Amino acid sequence: MKSCVKRFLVILSGIIAMLGIATFTSSTAQAAATKVSPISTVTTTTMYSKKLHLDWNYDVYLPGGYNPSSSKKYPVVYMMHGLYGNHRNLLERFNSQQMLDGAMKRNNQKAIVVFIDGFNSFYVNQKGGMQMESAIMKDLIPKINSTYKVSSSRSDHAIGGISMGGYAAARLSLKYSKYFSKALLD
């Protein structure tokens, strides 16, 4: 197993453990958020971002048994890819869905995981360019919170990433420490 795959597996396992907490479908966020599945699902969806002025893709991993009608709230992890990547990289290159399933089973915990498309932005607000940091905090997170059963507790919010995404996870977790309680970086 390549060292980057091993590191990524460790990061994913760490996320699940730190939070205390397989099929692929393509549909809208609302449709995915209303289905109950005994197995985990990954849904690719798009939202319009006012901060980015474009339709923005992201993926959401929902653990097996996620029930949108239940009162149960789930921890959430936001994962960010490296330079020249996109929201699908961590899912396709590392089989993240299977890794997350295993980590959640081993830790007897469940979480929602959001894979963000950060383009090559370094997840910062660029002068005269993409406002990626603002898009994450003001567009994406509110959308995820309103669409899925996300816990409102700070202790249930984590952010992670590899390479460029790891840099962003460190920066955003420190800057928005009232929202994120944990960061996993590689």
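It should be emphasised that the depicted structure is a prediction, and the values quoted were computed from it without experimental measurement. (Residues numbered from 1 in each chain as written. Predicted model: local features only at pLDDT ≥ 70, side-chain atom pairs only at ≥ 80, totals over all residues. Heavy atoms only, no water.)

### Considering the confidence of the model for the chain
As a general rule, the predicted coordinates of low-pLDDT regions are not to be interpreted in detail.
(1) Moving on: Predicted confidence across the chain gives a mean pLDDT of 88, with 81% of residues reaching 70 or more.
(2) Moving on: A low-confidence stretch, residues 21–27 (pLDDT under 50), is modelled with 30 contacts involving residues beyond four sequence positions or located in other chains. (pLDDT = per-residue confidence, 0-100. Contact = heavy atoms within 4.5 Å.)

### A short note on the environment of Leu 172
(1) Moving on: The residue Leu 172 is located in helix α6 (residues 164–175) in this model.
(2) Moving on: A sequence separation of 12 residues divides Leu 172 from Gly 160, and the C-alpha atoms of the two residues are 9.7 Å apart.
(3) Moving on: If sequence neighbours within four positions are ignored, Leu 172 has contacts with Met 80, Glu 133, Ile 136, Ile 159 and Phe 180. (Helix = DSSP H or I, 4+ residues; strand = E, 2+ residues; numbered from the N terminus.)

### Here we look at the packing of aromatic side chains
Geometrically, a pair of aromatic rings is defined through the distance of the ring centres and the angle of the planes.
(1) Moving on: Summed over the entire model, instances satisfying the criterion amount to 5 aromatic pairs.
(2) Moving on: Centroid distance Tyr 78 to Phe 180: 6.3 Å. Interplanar angle 80 degrees. Geometry classified as edge-to-face. Separated by 102 residues along the polypeptide, Tyr 78 in strand β4 (residues 76–80) and Phe 180 in the loop between α6 and β7 (182–185) bring together distant segments of the chain. Each of the two residues, Tyr 78 as well as Phe 180, counts as buried.
(3) Moving on: Clustering of aromatic rings is evident, with ring pairs tying together Tyr 66, Tyr 74 and Tyr 148. (Phe/Tyr/Trp six-rings, centres within 6.5 Å; stacked < 30°, edge-to-face > 60°. Buried < 20%, exposed > 50% of the residue type's maximum accessible area, 1.4 Å probe, protein only.)

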